[in-house]
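Residue strings, one per chain:
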Amino acid sequence: MARVLVTGMSGAGKTTLLTELSRRGYDTIDTDYDGWSLPDGEWDEPRMTALLADRPEVVVSGTVANQGRFYDRFDHVVLLSAPLGVLLDRVTARSTNPYGKTAEHRAEIARYVREVEPLLRRGATCELDGQRPVGELADIIEQLLGAAP
């Protein structure tokens, strides 16, 4: 059993991956929804602390400024990445989230790929190509869930 954080840029496939893992019966939390993030965009630290204290096996997804404060409570920090063009195509086409539809959002995503993704890469325990089929990605996360350090 393990705790896994899946992080990455908008459009990398985090929500799609969590949906597949949930379908397979895993406990998943997408911190983009249900009040996990505060108005300033950071995680609700007391709530995240309680979650990670209570659940020995969970897959959490999100990308927020204060996530690094929790890295020591995850067994694995997985960076899901994809080329900028793929990210922009995905956020433009998706119907489940309005982020990425405007020129300002797309410029912000490009800036985050340049400035934030390298920071995420340094904190990650592994990086996965978000262009891989979701089933393959879920298989890898399943292996990580069974292989706590």
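Everything that follows concerns the structure shown earlier in this document.
Along each chain, residues carry numbers from 1 onward, in the same order as the chain's sequence is written. A pLDDT threshold of at least 70 governs which residues receive local features in this predicted model, and a stricter bar of 80 or more applies before side-chain atom pairs are shown or counted, although totals over entire chains, interfaces and linings include all residues. As a rule here, side-chain values come from all non-hydrogen atoms in the structure, and water together with hydrogens is ignored.

### Considerations on the pattern of salt bridges
We define a salt bridge as a side-chain nitrogen of Lys or Arg found within 4 Å of a carboxyl oxygen belonging to Asp or Glu. Enumeration according to the criterion identifies 12 salt bridges in this entry. Of the charged contacts in the structure, one is a salt bridge between Glu127 and Arg121, with a shortest N-O distance of 2.9 Å. You can call Arg121 partly exposed: its relative accessible area is 36%. Overlapping salt bridges bring together Glu20, Arg23, Arg24, Asp139 and Glu142 as one network. Type-normalised accessible area, obtained with a 1.4 Å probe on protein chains alone, sets the label of each residue: buried when under 20%, exposed when over 50%, and partly exposed for intermediate values.

### Looking at the pairing of strand S1 (residues 3-7)
Working definition: helices are DSSP H or I runs of at least four residues, strands are E runs of at least two. Numbering for both runs from the N terminus. By the criterion of burial, S1 is predominantly enclosed, with 5 of the 5 residues buried. Of the two faces of S1, the one holding Arg3, Leu5 and Thr7 and the one holding Val4 and Val6 are both buried throughout. The pairing criterion is simple: DSSP has to find at least two bridges between the two strands. Both S1 and strand S3 (residues 58-61) contribute to a ladder of 4 bridges, which runs parallel. When the sheet's bridge partners are listed, Val6 is paired in S3 with Ser61. Sheet topology note: the S1/strand S4 (residues 76-81) ladder contains 4 bridges and is parallel. Counted as the bridge partner of Thr7 is Leu79 from S4.

### A short note on the nonpolar core
Grouping buried Ala, Val, Leu, Ile, Met, Phe, Trp, Tyr and Cys residues that are joined through side-chain atoms within 4.5 Å yields what is termed a nonpolar core. Grouped together as the largest cluster of nonpolar side chains are 25 residues, with contacts concentrated most on Val4, Val6, Leu17, Val59 and Ile141. For this core, the secondary-structure elements that each account for two or more residues are S1, helix H1 (14-23), S4, helix H3 (84-93), helix H4 (103-115) and helix H6 (134-145). A contact between two residues is defined here by any heavy atoms of the two lying within 4.5 Å. Non-local contacts of Ile141, meaning those with residues more than four positions away in its chain, are made with Val4, Val6, Leu17, Leu21, Val59, Val78 and Leu128. Residues Leu5, Ile29, Met48 and Leu51 belong to the second largest nonpolar core, which totals 13 residues.

### Side note on H6
For a helix, the expected span equals 1.5 Å multiplied by the number of residues minus one. The terminal C-alpha atoms of H6, which comprises 12 residues, lie 16 Å apart, in line with the 16 Å expected from a rise of 1.5 Å per residue. Within H6, the full set of buried residues consists of Leu137, Ala138, Ile140, Ile141, Leu144 and Leu145. End-on view of H6: buried residues confined to an arc of 160°, all on one side of the axis. In this structure, the buried residues of H6 make contact with S1, H1, S3, S4 and strand S5 (126-129). Relevant arc is that of directions from the helix axis to the C-beta atoms, nothing else.

### Looking at unusual backbone geometry
The backbone phi angle of Asp34 is positive, close to 65°, even though this residue is not glycine. Locating Asp34 in the fold gives a position in the loop between strand S2 (28-30) and helix H2 (45-54). For Asp34, a relative accessible area of 67% translates into the label exposed.

### Focus on the packing of aromatic side chains
Within 6.5 Å between ring centres, the rings of Phe, Tyr and Trp (the latter by its six-membered ring) count as paired, and their orientation is classed by plane angle as stacked under 30 degrees, edge-to-face over 60, tilted in between. Enumeration over the complete set of coordinates arrives at 1 aromatic pair. Where Trp43 meets Phe70, the ring centres are 5.7 Å apart and the plane angle is 65°; that geometry is what we call edge-to-face. In this pair, Trp43 is assigned in the loop between S2 and H2 and Phe70 in the loop between S3 and S4, connecting sequence segments 27 residues apart. The class for Trp43 is buried, based on a relative accessible area of 1%.

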